Amino acid sequence: MSEGGDRTGAGRDKPAATNRPGGAPSLGEAAEAELPGRARSVPEPPAGWGRFLVAPRPLGLLPGGVPPVEPSVLLALLEEDSEVQVLGHVRPSRSRGLGAIAEPLPACPPVAIVAMPPERARALAANPQVVVEVDQALVYPVANPLAAAVPAADPALAVPLAEPATMTVRVRGSDKTPVPGAHVWAICCTTPAHAVTDSSGTATLVLPADTAQTVRALYVRPIGGYWPTRLQGADLPQDGQAEAVVTVRTLAETFEGFPARAMTGWGQQIMRLHQIPPTFRGHGTTVALLDSGIHAAHPDLKDTVVGGRDFVAGDDRTWDQDATGHGTWCAGVIAAADNRTGITGIAADTQLHALKLYPHGRISHLLQALDWCITHGIDLAQINLASEQPSQLLAWKILDVRAAGTTCIAPAGDTHTATAFPASLPTVLSVGALAHTGTHPDVPPTGPGMWPGPHTPAYTPVGADLIAPGAAVVTTALDGDYTPADGTALAAAHVTGLAALLIAHHDQFRTPHHPRTHAHVDHLTTLLRASCRPLPGTDPDRNGAGLPDAPTALGLTTSAWPGAVPAPDITQPGPQYAGPRS
């Protein structure tokens, strides 16, 4: 078995477990010989067994008088237990990275990935010498649909129809062409419905407990080339109708000549990234994007994304198959190439690594990906996924990442409530989203009670360290085109791009043999926080330190280079779009 991997396949016999009081092993009694890294196959876990992470509790966290257990001892006992199947382990190599960063031991101990019955997990967790956690599934941190702006009913109270109703949605572009591959959501009185348009631009929604007339809203998101749009009220099918025709606007309507004519988005302008020298491109920095993969064949990303790994599949071949488009969106913000078409990333010369963890990823895969960042000397790790419950093992692993000099940046989450985990950790720089009126063609720039400028969107949670542009951000799309995208992950990508510029170009990081330690990480985050400015119209409880300012963070003045241009008036709606920085 390769280090850090999972094992599946045919079964093997296991000796009976030693009969010990309470069902928990006496971990201090076994031999302390290190188990060889031998490959074994294990059967599929029996029905009802769960997946867990088991690790020895660090010495400093043990109760008084309780001796520690060696990792090899714990793994040996787990291998011998008839109620436990060892699926793999996360055991970072000391020959690369970790051996030089944490003395005498890393914060996170070696972790066994096991399957066992929940009652066995509870018995094992009662032993103070070990840490036992559920190997949670990784998720995108979004709001519960029951608390959304358009509230949905509890599905348990839905009354399903004997035969589900259907609703046809035809999606057309403002250029009169059908839009295939567009995602269509119907927000109903009971449960939401979803479908994807076919080659003719048509989607058929199945409504298990609604009719076309009880649909409250339709939301349409094309893959690329068009703005998403929402229909509600009089725009929805009326009595006797079961078909809706939705027109989506092309990006070229908003940005003249786009994508043949390059543009710089409002986000880069409000952070004053267009005022820094065009030679500042993040050359020599490395960024790992922990997400759904990156569509590296995109013309703006093919020379920027240098490699990656699919930790769920356990191979180095499928990381460039983005399952959602989410990773590709963030990649474009950070490092889209400056080829004088489309968009240009904030740090166009940085090297991107796609660490694929979604879908089907778990905490164990995230632990492995963070070890990969350590052993490959990654400068910045943007963690776009979260767990529903905090994980102590993940918190310890991020301490090791920080000790290795890798800065972790994460979206605060699109939850509207509290910052998601692990973004909520003090060792992770969490980023909330900023929106701006006038940036979306279907949203009027002014209206009753609307602040005419930057504001905090409803999905930004409380507790973010700072904010960055995260609404109507035009970026790279799965189909090789461009798409507007929203969310705190887009905001985090703006901060990751600026951080790459600081590492590559700030005088304090360009000294010879600059050490990669926790002090390096702390200094970088301090510079980012210190450059922030509060904005009128934003929620002080949700914007943290405020919006980072690129020239300030880089130690520049607004006239640091001859081509510097005036800053836009950020208090006014409809910021202007400019060309590339070169």
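What counts and what doesn't
Residues numbered from 1 in each chain as written. Predicted model: local features only at pLDDT ≥ 70, side-chain atom pairs only at ≥ 80, totals over all residues. Heavy atoms only, no water. Helix = DSSP H or I, 4+ residues; strand = E, 2+ residues; numbered from the N terminus. Buried < 20%, exposed > 50% of the residue type's maximum accessible area, 1.4 Å probe, protein only. Contact = heavy atoms within 4.5 Å. Polar contact = N/O pair within 3.5 Å; in protein donor to acceptor, adjacent residues only side chain to side chain. 1 Å grid on protein atoms, 1.4 Å probe; cavity = no way out; pocket = protein on both sides within 12 Å on 5 of 7 lines; lining within 4 Å. Points joined across faces, edges and corners; volume = space filled by probe spheres on them. Nonpolar A, V, L, I, M, F, W, Y, C, P; charged D, E, K, R; others polar. Disulfide = S-S within 2.5 Å. Pairing = 2+ DSSP bridges. Axes fitted to C-alpha atoms, helices over the stretch in contact; angles between N-to-C directions. Phe/Tyr/Trp six-rings, centres within 6.5 Å; stacked < 30°, edge-to-face > 60°.

Trainee: Hey, could you run me through the overall build of the chain in this one?
Mentor: Secondary structure assignment for the chain yields ten helices and 21 strands. Counting all 582 residues of the chain, 53% fall into the buried class. Within the chain, residue pairs in contact and separated by at least 24 positions form 78% of the contacts whose partners lie at least 6 positions apart.

Trainee: Explain the side chain of Gln275 to me, please; I cannot follow it from the model alone.
Mentor: With respect to the helices and strands, the residue Gln275 is situated in the loop between helix 4 (266–270) and strand 12 (286–291). Classification of Gln275 by relative accessible area gives buried; the value is 3%. Among the polar contacts made by the side chain of Gln275, one reaches the side chain of Arg272 at a distance of 3.0 Å.

Trainee: Help me understand empty space enclosed by the protein, please; the structure alone is not making it clear to me.
Mentor: Taken as a whole, this structure holds three cavities of 30 Å³ or more when the rule is applied. There is about 170 Å³ of room inside the largest cavity. In terms of lining, the largest cavity is formed by 16 residues, of which the most central are Gly265, Gln268, Val473, Val474 and His494. Where the lining of the largest cavity is concerned, the elements lending two or more residues are helix 4, helix 5 (326–335) and strand 20 (473–476). At three residues, helix 4 tops the list of elements feeding residues into the lining of the largest cavity. The residue inventory of the lining of the largest cavity, partitioned by class, reads eight nonpolar, eight polar and no charged.

Trainee: Help me understand the state of the cysteines, please; the structure alone is not making it clear to me.
Mentor: Every disulfide links exactly two cysteines, by a covalent bond between their sulfur atoms. What the rule picks out here adds up to zero disulfides. Free of any disulfide, Cys189 has its nearest neighbouring cysteine sulfur in Cys188, separated by 7.4 Å.

Trainee: For this particular structure, what's the right way to read the sheet that holds strand 9 (residues 217–221)?
Mentor: Strand pairing in a sheet relies on backbone hydrogen bonds. The paired strands run either parallel or antiparallel. With respect to topology, four strands assemble into an open sheet ordered 7-6-9-10, the strand pairing being antiparallel. Of all the strands in the sheet, just strand 7 (193–196) and strand 10 (229–232) have a single pairing partner and so form its edges. Averaged over neighbouring strand pairs, the angle between their axes works out to 15 degrees when direction is ignored.

Trainee: I'm lost on the side chain of Asn384 in this one. Help?
Mentor: You can see Asn384 is positioned in the loop between strand 15 (380–383) and helix 7 (392–403). Of the polar contacts made by the side chain of Asn384, one reaches the side chain of Gln382; its length is 2.8 Å. Those residues in contact with Asn384 that lie beyond four places of it in its chain are Tyr140, Pro141, Leu289, Leu290, Asp291, His326, Cys330, Pro411 and Ala489.

Trainee: Even after reading the chapter, I still don't get the packing of aromatic side chains, so can you show me in this structure?
Mentor: Per the counting criterion, the structure on display carries five aromatic pairs. On the numbers, 6.1 Å between centres and 45 degrees between planes, the contact of Trp185 with Tyr219 is tilted. A residue pair is termed long-range when its members are at least 10 positions apart, and Trp185 in strand 6 (residues 183–187) and Tyr219 in strand 9 qualify at 34 residues. Classification of Trp185 by relative accessible area gives partly exposed; the value is 32%. Taken together, Trp227, Phe255, Phe258 and Tyr482 form an aromatic cluster joined through their ring pairs.

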